[in-house]
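One-letter residues, chain by chain:
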Amino acid sequence: MAWVAEITAIREAQDRKAFAALFAYFAPRVKSFLMKSGASADVAEDVSQDVMATVWRKAHLFDPRKASVSTWIFTIARNRRIDILRKQRRPEPEELPWGPEAAPDQADALALQQESAQLRSAMAELPEKQKDLVLRAYFGELTHREISEATGLPLGTIKSRLRLALDRLRHQMK
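Description of the structure in this document. (Residues numbered from 1 in each chain as written. Predicted model: local features only at pLDDT ≥ 70, side-chain atom pairs only at ≥ 80, totals over all residues. Heavy atoms only, no water.)

### A look at unusual backbone geometry
Put simply, the rule reads: Counting from the N terminus, the helices are the DSSP runs of H or I reaching at least four residues and the strands are the DSSP runs of E reaching at least two. To sort residues, take the accessible area from a 1.4 Å probe on protein chains only and compare it with the maximum for the residue type: under 20% means buried, over 50% means exposed, and anything in between is partly exposed.
The backbone of Gln14 sits at a positive phi, close to 45 degrees, despite the residue not being glycine. Relative to the helices and strands, Gln14 is located in the loop between α1 (4-13) and α2 (16-36). For Gln14, a relative accessible area of 54% translates into the label exposed. Notably, Glu141 is not glycine yet its phi reads approximately 55 degrees, a positive angle. Glu141 gets classed as exposed once you look at its relative accessible area, which sits at 68%.

### A short note on the packing of helix α7 (residues 144-151) against helix α8 (residues 155-173)
Put simply, the rule is: Convention adopted: a line fitted to C-alpha atoms gives each axis, helices being fitted over their contacting stretch, and angles between N-to-C directions are expressed from 0 to 180 degrees. Under this scheme an angle from 65 to 115 degrees is roughly perpendicular, one under 35 degrees roughly parallel, and one over 145 degrees roughly antiparallel; angles in between are oblique. If you view the pair so one helix is near and one far, a crossing is left-handed when the near helix is turned anticlockwise from the far one by less than a right angle, and right-handed when it is turned clockwise. The criterion used for residue contact is that any of the two residues' heavy atoms lie within 4.5 Å. Throughout, the ten residues Ala, Val, Leu, Ile, Met, Phe, Trp, Tyr, Cys and Pro are labelled nonpolar, Asp, Glu, Lys and Arg are labelled charged, and all others, Gly among them, are labelled polar.
The contact between α7 and α8 brings their axes to 9 Å, and the two run at 115 degrees. Between α7 and α8, the angle falls in the class roughly perpendicular. The two elements α7 and α8 cross, and the hand of that crossing is right-handed. Residue-level contacts link His144, Arg145, Ile147, Ser148 and Thr151 of α7 to Leu155, Ile158, Lys159 and Leu162 of α8. Partitioning the contact of α7 with α8 into residue classes produces four nonpolar, three polar and two charged.

### Concerning the pattern of salt bridges
Just so we agree on the cut-off: By convention in these notes, a salt bridge is any Lys or Arg side-chain nitrogen within 4 Å of a carboxyl oxygen on Asp or Glu.
Tallied over the entire structure, the rule returns seven salt bridges. Among the ionic pairs, Glu12 bridges to Arg11, the shortest N-O distance being 3.7 Å. On the basis of relative accessibility, which here comes to 33%, the residue Arg11 falls in the partly exposed class. When the shortest N-O distance is used, the salt bridge between Asp167 and Arg170 registers 2.7 Å. Residue Asp167 and its partner Arg170 are both found in helix α8; the two are separated by three residues, about one turn of the helix.

### A few points about a nonpolar patch on the surface
Cut-off, in case you're wondering: Two joining distances apply to patches: 9 Å for like charges and 5 Å for nonpolar side chains (Val, Leu, Ile, Met, Phe, Trp, Tyr), and every residue must have over 30% relative accessible area and no salt bridge. For the accessible areas, the method is Shrake-Rupley and the probe is 1.4 Å, while residue cover comes only from the protein chains on display.
Together, Leu119, Leu135, Tyr138 and Phe139 make up an exposed nonpolar region whose accessible area comes to about 390 Å². Looking at the nonpolar patch element by element, the count peaks at three residues for helix α6 (residues 128-139). Phe139 sits in the exposed class, given a relative accessible area of 55%.

See below:
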């Protein structure tokens, strides 16, 4: 139960001494962990600072029944590292052409019409619950969380139904 008292003191009294002790112990270890996972020293330093600030702000979320303090802190660090990697791997946006676009080739237009008709047919064959979620997510441009709030369904149910619907559409579009 090491460090639980410090997290509790931070949560309940925003105890700066408890946080200083936690910071002194975990910040260098988090930085080392991040550097071993491939982050540069500067990035690891920034992320470890961010992780410790998150520990300060979100101490109320720590539950000693679910994990130890070190597991909780290193999970936050791992998630921050994943977020950074995702941001780094995002492709640069393509340059947008200026001026009027050339008219599409008739073969391309026909192929697009056929694919659209095939998609409409495939959508019509989906169960109503799945079709509704696909329409909200892809045509209504709602996030999964927004759909969950609007429908009252759990987020996991939303994701499962969308995954099943997309699998069916993928098979029907082949």
